[in-house]
Structure formats: structure tokens, C-alpha cells
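# Residue-level structural notes
As a plain string of letters, each chain reads:
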Amino acid sequence: MESAIDDVDFSSTDLLVKIRTQTNSGLENQKQTAILLTAVEETIREQNEQLTPLAYFGALMTILEQQREQAVHDAEKQVILVGVTYLLAIVFPRVPATVLRLKFQDIAKSLGATIEAHQELAPLVRSIIGCLECLLAAQDNAAWTTDPLCKKLFQVLLIMSLDSRPKVRRRSHEAVRRLLSRPPPPTLHHPGTLTAIDYSIKSLEDFLASIASASTKERREVEGQVLHALAFLKSTLPVLAVQGGHDKTRGKLKHLCEILLRLPVRSSGGGNTIMTQLVFQVLDALFGAGAEEERNQKGGIFPHLDIALLDSVIRALLEIRPYQNDAGLIPAWLELIKHGFLRLAELARRVENDVEELGSAERHYALNDYPDLIVSVFSKTFVALLGQATTKPVIIEKGCDLFAAMIRGSLTESMVDEAKAAGDEDKVHVVELLKVVNSGLTQIRYRDAWGGILKIAEAVFDRLGSVIPERSQLVLNNIMAFRDDPAYGESFPFKEELDAALTAAVQSLGLEAFVSQIPINIFAERPNQPRRPYLLALFCQAVIRPVPTPVGTAAQIFGPHTLRYFGSDMLPLAKRLFDKSGEMWVANRQLDAKLYETLGLQIWDMFPGLCVSLPEDVETSFGVVGPQLGQILQLQPSEVFPNLPSNPDLRPSITEGLQMLIEGYLAVVEENDKEDDDSDNEASAMRQMAAVKAERGIAKLKQYANQFLSTLCNNYTTIQPELLKSANGKGQALQGLHEKETQAAEAAIKSFLTIADEQAINSYFVNLVKTLLQSQTQQTQGVDAAAVQLAKLRNYAILDLLLILLPFLPEVRTSTVNPNDSPLLLFYRVLTGQLRDSDPTLQKKTYKSLNHVVQSLPAGMLGLDELVPRLLDPEVLSKAASGAKRARIQLLQRVAEAIPLTEETILLEFVSVALSEVMLATKEASEKARSAAYECLVAMGRKMADGGKTGRKKGGLWDMEAMQKELDAEGYGEQMDAGAHRLEREISLREYVMMVTAGLAGSTSAMQSAAMASLARLLFEFSNIMDDALLEELVSTVLYFMDSKNREIIKAALGFIKVAVVTLNQELLEENLETIVVSILTHSRDHKSHFKAKVRHIFERLVRKFSYEAIEGFVPEQDKKLLVNIKKRRDRFKKQKAQARREQMNHDTEEGSDDNAPTKGKKTKLEAEDVKKKVQKARQNAFEDALYGSESELESDGDDDEDYIPEQFREGTRKKSSNAVTMIREDQDVVDFLDSNVVSRVTSGPAKKRSSKHAANYTTAEDGRMVFAESDSEEGAAAGGPAEPMDQEDYYKQSLRAETAIVRTPDGRVKFAYKANKRKRDDDDEEADEEKGATGSGLGWKQGARGKNVNKGPDEGAIAKMLGKQYKAKKAKGDVKKAGMPDPYAYIPLNAKVVGGAKRKSAKAAGTFKGIVKAAQKGSEIGSAARAMSQKAAGVRKTNKKHK
């Protein structure tokens, strides 16, 4: 059924849709193909058939038969024939295989005749090759073996693979490779494999036979054919090689490889290195055959690559090694050898691990011949490449990469086991390899290659260090000989490689084994060995290095280091170093003291890395290390090791290490639980053993968890008096310093809480709550101020610690709270008692804690009768700090959600009182507080809507008498008896909207604007469940406030209207449409342009919703240019967006829908809460888009609302501008800089570019060049682009830069800052008129020249300016300099007559130039004298005016 549906939808595939759009293409072949496709589809429809692939196939094959003979000598018919074959190549893959088998003879003859008659048409040949591929792939094994036509067509593909046209060859290579990789069932050996191998062998043998006697020209032609054949083999040899295990192809494939290996020898005489490199690439493809399937353990349809074939190829490659210093060929040869050995090692390991291969020849090869080959190649090549002084660096680098790869990846388990069991004098393969490496480290002739040999030594440690450490001991000693050499620091050039090798040795051997071989010897315990303090820094780097996993073995879960050695050897060494440092410090030897202190700190710095590597002896050794760690955690830094130069704090390193240890062991247990129990391989067994060991280690850690937890909690809540001095007694700085100190302890506390006893967690929690309760009752009068400050900081820390412990309480984990004995309830009561505290930080932490507690407690245990009055207490509200506003609003939201619907009185009382606070919070400066307020509004509205009743009361929503009673009950009017005059209320969304609407009657503009913003948010959220009448009345009510003179109210009203236009349907806005248009246009005519942008945005939305014609009827004539501009912009960018969509159509349709499929599964409570928060955030972002978003950005003009999301609200695409500036946000109100809350108005935003008055006179090209229009018509065309939004006016800067700006001179006189003549002022006035808006109020849209003739040429003044007449003096002769303008100069053209030529001409030109300069100087002097006289006369006249 699905295939039938796909056949019906075949006509709408992307490729056919794209072809149909090319009917008017400028390329003839595309145009003819599109016309042909249209004609074929019309013919099929005329026959009342569906556009299925079979219908296309029949029609196109008919046209092919008709046009094949006629197109031989007709170019136009050839174009049609190319289009037919192109469409057939699209249709053939969708034709059923049964049809292709039944009609094989007819189709094959038709396609064969076509390609034979039109071989010169490359597009036609490529298309027919695709058809032949589909045709041959549909045939069964019987057709391949019995039908000669099938083999003939396959031979055609082979012939085309050597065609001189690259695209034809490439298409043939793809077709042959695909055919051979999918043999016809039921066979696993493709019948065409032998044909392809024979054809390749024949091509290469012909070359070998003719190359000796061929002339130079013939040689080039033959070599070209061989290169084509090698390219074909590079593509198909991997497919041929995986079938080499069959008896049919093993011999021929081996013969083919032998011929390939003879090519470099024959081509070397002619110097053709390209052929040799291509042969290497072909063989490299052979080595990679089937490797990906084996690594993924998928097991392809073919047998594995023949191990004997691979061995013979590698041995032959060793015989044809290029010249050892050939930088062109030897690197490629070394890379090929590396890949060959790695592939051969994979096959050898498979044979060793396969039980079925016991006693086979391949297993014998893997156990005997393969190790001999490894040792032989390694030793011979090592000496030949690295032992020569003339070897080039690139060859040394490639050779060392080969040897390192051979050691890491080519040593099998049998070779390693052999080295384990052998004695010191036995001759084994691994030992022979290590002898070669040691010789390279000790013999001076390898000095140029020591850097690469050290990399080989690093590979030795990675592969053998953890398995047979005794075999790598000599390599380590030879490396340390370099490091201990006195000349190491000055002359050894490979320090980085040596450090890497030592780091690998430490991480593979382990600290204990490494130090046993290479003692640190800081205090010269061994006089015959050098001191090695540098090893401590090396250990710090080594323990964080990933533990190497040898190839072919399972990954090690636990690291090589042990806690036992760290506690028994390293910690005593650290103590000894610290004691020595203290002695040196007392003896006034500061440098030595600092040195010993640094060495001791390096030992402690390696503790976190050691824990990350997961030492496996936690169960047996933590009892030795744990008490030492706990003792250091209990003491202050100065008490642990006295007299140290810097009193280092070791607690962060200890807490980090303990955290990593616990988390690592828990991860091992969890990873084992996730794995399937059905698998019983070696890796699964190791994983289960590691999980058992980890569980025992966790049990050991649990024994010490309570002690560590007590110590860490005590450190967390202890405030050091030294903090008062370091922070100068400032509370915020004190808190920041303390939080910085406790970050590491916080992470460790959380880790221990995961394994600690539940009863201990309860006891810690209760003790902390009691301590907090005692601090509330203590008297602070008469106490030192420093002590009071420390007590406050301790209370802050206790609250933070309680929040850390809260998620781990048993009653929170199990969601079962015992009302009689509940630590959570006790904490809740203490927190509610702190609500009246005036400390801002304590308020913030209290509200934050209450949020978590209220979320964890059942609603019945909250004591809503007491909680609600406390929260709504006027004293509590008056003391609420600005920093705690967000947490308080969130608490109000949680309380509203916790109140059950059955408690109508409490719910109505809480909502009605808290609503005003929440509404005013929408005007907070903090964005987070505003977002929390909007979320609380929506949550309370949803709670009220769940009450059930949505009907309207009898008196109507806007019953003025009822509203007056409501205001009186809320305290807006006279105090009345609540029992006698209280309005009957109901829990419903309508009632909630009425409460919010009551804010419109507030006495302040802030309350009224907040009410409008709240109504806009509720409208956006609940418009789908509100009555139509209620929505219409909301819109009409807000429109009443459009006549206000208060800017804040107008701004909120415009925002509400914008949300209404976005949210509501047309029918609900039609009645008030004229009022909306007229009212918003009224506020757009303000000369200060406060709401221009908002008005434009609303009009764009209205045009989008009602159409241009509907809105035009309500717009006055003077403002219609605004609509015209909007229409032009929309049309222009719709075209641009449509073009962009067409370009992206193919990419978009290729994306699958699987990635967007929702993942099924049960979500945890935490995940569900995260999803809920994300949904709420998305809704809030959508609302802010509707409220603040703009459609005037040109790139956002589209058909979906998501395109209108402002950049600051787009999820995942927020980008910070690099040119941001910090500014004071005024919000159209006067800023009091003496107010303490002025800090909340400091914001940052993108720096605005300084605009020039003449910026509109030119445009900028893509490369940054300024392009000036030569005529007014060009200027108009250049200005037709998108208009940038006008920058906000800065009147202060304008007053400094304007022509009327004045400055005071040093002598106290006042003068104008800029001198400008009348002509300049007139020009500026004209430019200002041109930049004025589309309407009389100046809305910012280009109006044009206002009746001026825009096509008029330059006037006489412009011509005078171009000729330099503006510099002409009025009285004197010549030019004069003018302020603010370039100096007048006359320029001499630099042509050949002036610059070049004889000296006579140059001298003449120079004389002419000197004369011009003298004349200019004389004129300047005369002009200066005249200007001085005129200024003097002007001063006399000014003085006379003053006297008058």
C-alpha cells in the first residue's frame, strides 16, 4: 500500500518540481527537458492515467525509440534525446524490478543501441549508465550466468570506466561499485566480479607489455589509460577484495595485486611518480576493505578480507620500497605500510579469538609468521630510516608515526602473553622490538630522531606499561638518562616529547611502580642517584591524563594509582616538605621556604586527579587516608602546617577529590545497572566485577560520610573574622568572599548527601533549623558591629546550607510528610517568622527557601489561614527589598497555586490583595522580576479560570455601581463595613479580569499603566476562553485611555492594542477598527516622535490582518503616505523571501521528520518541572514578542509570527554585541542620581553609530567603498533601500554640536563654538526638510523633494562649488582659507609629459609649479590682511551697538 502511495506522489518529487520551473530557462538543455516533461505529463493525463513511475517509463521509452534514429544527424533532436535519457535516469530507480526483468531484452537493446549511436553526447552517456545500473541490479543470478546480453551490458560499463571524459568515468565507477556490492540473491559472490578483475588485469598487462617499446607520445597515451584504470580500481577494489575469500576470485585477485605492485618498478624508469602514488592509493583502499563493518560488528554480506592476500601485498611492498630519502614517495609508502599492518593485525586478532579457526592455516600464520613479519619490518626499517644522518625531517616524522602505530595497534595478545611467560634470557618478539627502541634511545647516530623515538617510547608505555611493566623498565631508564643529564636544560631540543613519554609512563605504570623504579630522592635518601623534585609537577599532569586502553582489550574502569601509596608515602613526604618550609621560613630563608612549600602543594594538587582516575583500593585503604583528610578539614589553614610562607588552604583540593571519588564510584554502579544482563562477554564480566568493587568502596565511604558531612557543614557555616579585614567590612563583599570559599565544600556536601544515612541528614537539618531559630531570638543591642556582621553572614550560610540539604531529606524524596515530627514543617515555621526582617539579603534567601518548602509540602500543611495574612501584611510588604522582589512574587504564585478551589474565601482574599503588588511588579527595573510577575499573573488567572464559572453577571462587566463597591472594599474609597457591603464574588476568570481592571481607576499613572500591561498579558494568554463580549469591552475600555496626556499610560495602551491586534480575530476588532486607527494616529503626530515606532508596528499588523484597502479607508489623507510606504516594503520583501524560500526548498525537504519525533517514556518530577518552566518561558517570550516586537525590520517581514520575534527574545540565537556600552535607562522619566535605586537603571546595550547629516548623500558598496550618485535619479534609486530606524535623540550632544552652541573663552567671554555662514545654514535647513518624515508630523519615512523638480540639474551655486569659487576672496585677489573646509590647492596632473621625458621638460614643469605656488601664497597673504581688517571693523560695529 505504501509503495502505491509513493508511486502516486512520484510526480511531486523535488527533482521533477524543479525541472518544471525551468521552462523559461536560458539554457537550451534545461528548457527542452522541462518542455518534454510537461508534454509527457499531459499525454499521460489525456489517457486518464495516474502519474506513476511506470507511466513515465512507458512514455519516455516510446519517445526514445522514435527519436533515436532521427537524432543521428539532427542537433535539435539530440537535445530532445538527452532530455529523454535524463528523465529516464530519474524514473528507472522507481520502476518495479519485475518489469525490468520481464522487459530486459527490449530495454537492453534500446539502451545499447542509443549509447552506441550517440557516444559523443556525454550527458546522454551518463544518463544511460544510470539506467543500465538499475536494469542490471534488477536481474537475478540466473540472468547473470546464462544471458550473454547481461554480461555485455556490464562490459559496456567497464569500457565506459576508462572513457576519456571525467564525468562519464566517475559515473561508471559508481555504477560498477554499487552493482558489485549488491550481488543477486541467493549468492554471496557477484557474477560480475571475475569480469571486472579480468578487465582490470588485461588493461594493466597491456600497459606492461607496450611500455618498453612505446615511443614518448605513445607512452603518454598508454599511461593515461593506466591512470584511468587505477582510478577505477581505487573505487572498486575494496568491493572486489572482500570477495577474495572465495576460491573463484582468490587467485585472480592475487594476480591483480602482483601486477599492481609491478607498476611502480616499470613506471620509475620514466619518472612517473604520479602513477606510483596512485598505486599506493589503490592498495590503501585494499587495506581498508570491510574494516568499517568489522569495527561496528555488523558483519557484512561478504566473508572477511583474505589474510594471505594482505600478507603477500605487504611483503611485496617491502620489496619495492622507494629511495629512503625521497620526500615525495617514501611518506606515502610509510603511510601505506602502517595501514596494511593495522589491518593485518585486526584480522590476526579475529583469527586468534575465533574458536572455529583452531588448527587452521590462518591461525598458524597469526601465531607464528605474523610476529616474525612485525619484528623483521620494524628492525630493518627503523635502522634504515632513523639511523641515517641525512634523512629528511618529514621522513623521520612519518617513520616514527609508523613505528608508534605498529606498537600500539599491531601487537596481538598472543605476542604480549608470550612476553609475559618468557624469561629474561628468552628471545621473544616483543623483547626484540624493545631492543630496537632502546638502541635508538642510547646510540648517538639516532640523535636527530630522538624526538620521534620518544613518541615511540610513549606508545610502548601505552601498550605494554600496564600489562608487562617489567619489560618497559629499560626504556624508562633510558628516557630518564636524558632528563638527568646536566646538559638537559640547555641543549636538549625535545623536552615536550620527553615530558609526554614520562607522563605516559606514570599513567600506565602507576605512581607506586614508577617511583619504585625512578625515586624522587628530594632529600637525597639515595646518594648515588640525582634529586628529582621536578617529578612532582609531572605527576600532577600525569594523573589527569586519560588512562590508555591497549588495542584489542577492554577499557580499564579503575586507574593504576592507589590510595594506599598516596597515604603511606606521598602524604608523609608532603608533611616533611611543609615542615622543612617552616624551618626555612623561621631561619629567614624565604626563597628556600617558598620552594619547599611549592613542592608540598604539588603533592596535594595531584589528589583530585588521582581520585578522578578511580583508585580501586578504596575499600581497603580509605581507612588510612580518610582520617588524615578529615583532620585537615577540621583545622584552619594556619593551624595545619604552621610557619608556612603563604598559609595555603588545602581544603579545596581535598573536597574536590572526595567529590570526584564518590561520583566516580556511583557512576560505575549506575553504568552496570544500565547495561543488558544478557551479554556474557569479557567486557560485561569486567564491568560486573568493577560494579561489585565499587559497591564495596561506597559502603566504606558511607562509614565516614557522617563525619565528613559534619565537618564540611561546620566549615560551610563558619565565618572567619579575617574576612572583615579583607572586605573592609562591606556586607556584599563579605558574602561574596564567603561564597567563593564555600563553593568546593558545597559540591562535596552534595556528593556525601547521596550516600549519607537518612537519619543523619534529618539530624543535621534539624540542628541547623534550631540554630537559625536561636539567632532570631538573640538580642543584638550592645553587641559589637563586627560580631553582628559575622552573625548575619552565618545566618546567610545556614540558609544556603539548608537549601542544599532540602532535596535530600527523606520526606522530600518520598513525598510523605509526618505532621507530628517533620523537619520540613519546622523549617517552614522558622522561615515564616523571618518575613518581617528588614535585611535585604536575608529577605531574598528567606523567600527563596519558602519557594522550595512550599513546593515540597502538601497544601493541607501550609496553614494557609496563617500564611496568607503574614504574606499580605502591610509591614512585610513595606519592608520588601527590591532584590527580593522576584523571589517574593514567585512565592505568591506558589501560594496561589497551592490554595485549593474549595477555599473560596481565602483564594479570593489572597488574589484580590496580592494582585496589586503583582501588577506593580510588572514595572520593576529587573527583567527577572518582571517575568516572574507576568508568570504569577497568568498562574493566578489560570487558578481562577479553574474555578469553573465564566458567565457574566447580571449587571454586566462594567457595572459602575459594582465597580465602586469593589473599589471601596479594596480601600480606594471610604472604609465601609465589609460584612454589610461586600460584593458577592465568584471564582472565575471574569472575576479575575474585573479585579485587574479595577487598577485602571488607580490614582497613579504607574498603577494604570501596570493594569493595562497586565490586561495585555491576560488577553494574550486567555483570549481563547474569554467571551467575545468581554474581549470587545476590554478593547473599548482601553481605547478610552488613548486620550490621556500621560506618556506612560499611552505607552501601555499602545502595547495593549498591539497585543489585541496580534491575538484577536478580525470579527472582534471590526467594530473598534476606526477608533483604533484614529487614536493611534493622533499620538503619532507628536513632534518629539515618542511613539512613531509603535504606531508603525501597529499599522503593519493591522494591514496584515485586515488588508491594505480596509485600513486605507480610515486613514486621513495627510497620513496615507505611511500606508503607501508600508505596502511597498511588504511587497518588496515578500519577493525577496519567496526567492530565498525557493533556493532553500531542496534543503528543507531533504530533512527527515525522525529527529523531531517526541521521545516516549515516563518523565521524572524534575523533568516535568523543567518542561513546565520551558513552556512558561516560551509563552512569556511570545507575549513579549507581541508587545515589543516589530515588523518593521526588513528581514522580518514574512508570513509566520515567529519571524517577528525580536532578537533579544529569540531562544538559542541571542548574540551579544561586541560594541556594547553602559548607559542610564531613563524610561522617559527624570532620573534622580541621588536615589539609591539609580543602580537598577544602569543597563547595557549596543553602541549607536554616530550619524552624519550627510550620511544619506552616499551609499556603501559590499566591499566598504562609498558610492556617490552622479545624478538625482541615481540618488533616488540608492535611497530606495530599507530605511534604518532613527537613533534616539540626544539633546545634550546636539546642544554641544549645534551651530548655536556657545563656549566660554579663557578670559570669560562667550562666543559661538562653530562659525557658519548663511549659505551653510540654508543648506542644512534644506537637508533637514528632505530628511523629514512622510507626514507633516515627520514620521520618519522619506517624503521626497516636496514639490521640487527632482530631475533638475545642478544649480549655479553647485557649479561654483565644484569649480572652487567658494574660496574666492571678496576684496583681495586669489583664494582664502576658510574654517572647517579643506585648504584651496591647484593640482598638477601627473602625466607622462610632466613626470617623464628630458630634464628640460621637468625643469620647465617645475618652474611652472613654483610660479603657481608663489601666486597662491601672495593671494593668501592679501586675503588674510583683508579678513583681519574686516574682523576689526566688525568688532568696532559690535562695540558701537553695545554703547547704543
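Refer to the preceding data block for the structure.
Below is a short write-up of the structure. (Residues numbered from 1 in each chain as written. Predicted model: local features only at pLDDT ≥ 70, side-chain atom pairs only at ≥ 80, totals over all residues. Heavy atoms only, no water.)

## A short note on the overall build of the protein chain
Across its full length, the protein chain carries 65 helices and six strands. Residues counted as buried form 43% of the 1444 residues belonging to the protein chain. (Helix = DSSP H or I, 4+ residues; strand = E, 2+ residues; numbered from the N terminus. Buried < 20%, exposed > 50% of the residue type's maximum accessible area, 1.4 Å probe, protein only.)

## Examining a negative patch on the surface
On the surface, a cluster of negative charge is contributed by Glu418, Asp424, Glu425, Asp426 and Glu470. Take Asp424: it is sitting in the loop between helix H21 (413–421) and helix H22 (429–442). Overall, Asp424 belongs to the exposed group, its relative accessible area being 70%. (Patch = residues over 30% accessible without salt bridge, like charges linked within 9 Å, V, L, I, M, F, W, Y side chains within 5 Å. Areas by Shrake-Rupley, 256 points an atom, 1.4 Å probe, with all protein chains shown as cover. Salt bridge = Lys/Arg side-chain N within 4 Å of Asp/Glu carboxyl O. Lys, Arg positive; Asp, Glu negative; His and termini not counted. Charge placed at Lys NZ, Arg CZ, Asp CG, Glu CD.)

## Looking at the packing of helix H34 (residues 682–717) against helix H37 (residues 743–753)
In the contact formed by H34 and H37, the axes pass within 10 Å of each other and the chain directions differ by 150°. Taken together, the axes of H34 and H37 are roughly antiparallel relative to one another. Handedness of the crossing formed by H34 with H37: left-handed. On H37, the residues touching Ala705, Phe708, Leu709, Leu712, Cys713 and Tyr716 of H34 are Ala745, Glu746, Ala748, Ile749, Phe752 and Leu753. (Axes fitted to C-alpha atoms, helices over the stretch in contact; angles between N-to-C directions. Parallel < 35°, antiparallel > 145°, perpendicular 65-115°, else oblique. Left-handed = near helix turned anticlockwise from the far one by under 90°. Contact = heavy atoms within 4.5 Å.)

## Brief notes about helix H17 (residues 307–319)
Over its 13 residues, H17 runs 19 Å from end to end, which matches the ideal 18 Å to within 8%, given 1.5 Å per residue. The complete set of buried residues in H17 reads Ile307, Leu309, Leu310, Asp311, Val313, Ile314, Ala316 and Leu317. (Expected span 1.5 Å × (residues − 1).)

## Topic: the packing of H17 against helix H18 (residues 330–353)
In the contact formed by H17 and H18, the axes pass within 10 Å of each other and the chain directions differ by 155°. Here H17 is positioned roughly antiparallel relative to H18, judged by the angle of their axes. The two elements H17 and H18 meet at a crossing, and its hand is left-handed. Counted together, Ile307, Leu310, Asp311, Ile314, Leu317 and Leu318 of H17 and Trp333, Leu336, Ile337, Gly340, Phe341, Arg343, Leu344, Leu347 and Ala348 of H18 form the full contact between these two elements. Of the residues in the contact of H17 with H18, the class split is 12 nonpolar, one polar and two charged. (Nonpolar A, V, L, I, M, F, W, Y, C, P; charged D, E, K, R; others polar.)

## So, the environment of Pro469
Within the secondary structure layout, Pro469 lies in the loop between helix H23 (450–465) and helix H24 (473–484). C-alpha of Pro469 to C-alpha of Phe514: the two residues are 45 residues apart in sequence and 9.5 Å apart in space. Sequence-distant contacts of Pro469, defined by excluding residues within four places in its chain, comprise Leu464, Leu509 and Gln517.

## Quick word on a positive patch on the surface
A cluster of like positive charges, contributed by Lys844, Lys848, Arg886 and Lys928, occupies part of the molecular surface. Within the element layout of this structure, Arg886 appears in helix H45 (residues 885–898).

## Things to note about the nonpolar core
One finds Leu317, Phe539 and Phe1099 to be the most contacted residues of the largest nonpolar core, which totals 362 residues. Ignoring any residue separated from it by four or fewer positions in sequence, one finds Leu317 in contact with Leu261, Phe280, Leu283, Phe287, Trp333, Leu336 and Ile337. (Core = buried A, V, L, I, M, F, W, Y, C linked by side-chain atoms within 4.5 Å.)

## Here's the deal with unusual backbone geometry
Residue Asn521 is not a glycine yet carries a positive backbone phi of 60°. Take Asn521: it is sitting in the loop between helix H27 (511–517) and helix H28 (534–542). One non-glycine residue with positive phi stands out, namely Leu614, at about 60°. Inspection of the secondary structure assignment puts Leu614 in the loop between helix H30 (590–612) and helix H31 (618–634).

## A closer look at the pattern of salt bridges
Evaluation of the coordinates by the stated rule reveals 38 salt bridges. Salt-bridge contacts for Glu335 lead to Lys398; the nearest nitrogen and oxygen are separated by 3.5 Å. Taken together, the positions of Glu335 in helix H18 and Lys398 in helix H20 (residues 393–409) put the pair 63 residues apart, joining distant regions of the chain. Among the residues examined, Lys398 registers a relative accessible area of 30% and is labelled partly exposed. Taken together, the salt bridges that share partners define one network made up of Glu133, Arg171, Glu174, Arg178 and Arg182.

## Structural notes on the packing of aromatic side chains
For the structure on display, the rule yields 20 aromatic pairs. Judged by centre distance (5.3 Å) and plane angle (50°), the rings of Phe382 and Phe403 are tilted. Of the two residues, Phe382 sits in helix H19 (residues 361–386) while Phe403 sits in helix H20, which places them 21 residues apart along the sequence. Considered together, Phe382 and Phe403 belong to a single accessibility category, that of buried residues. Consider the rings of Phe622 and Phe708, whose centres lie 6.2 Å apart with planes at 50°: the pair is tilted. On the criterion of sequence distance, the pair formed by Phe622 in helix H31 and Phe708 in helix H34 is long-range, its members being 86 residues apart. Classification of Phe708 by relative accessible area gives buried; the value is 4%. (Phe/Tyr/Trp six-rings, centres within 6.5 Å; stacked < 30°, edge-to-face > 60°.)

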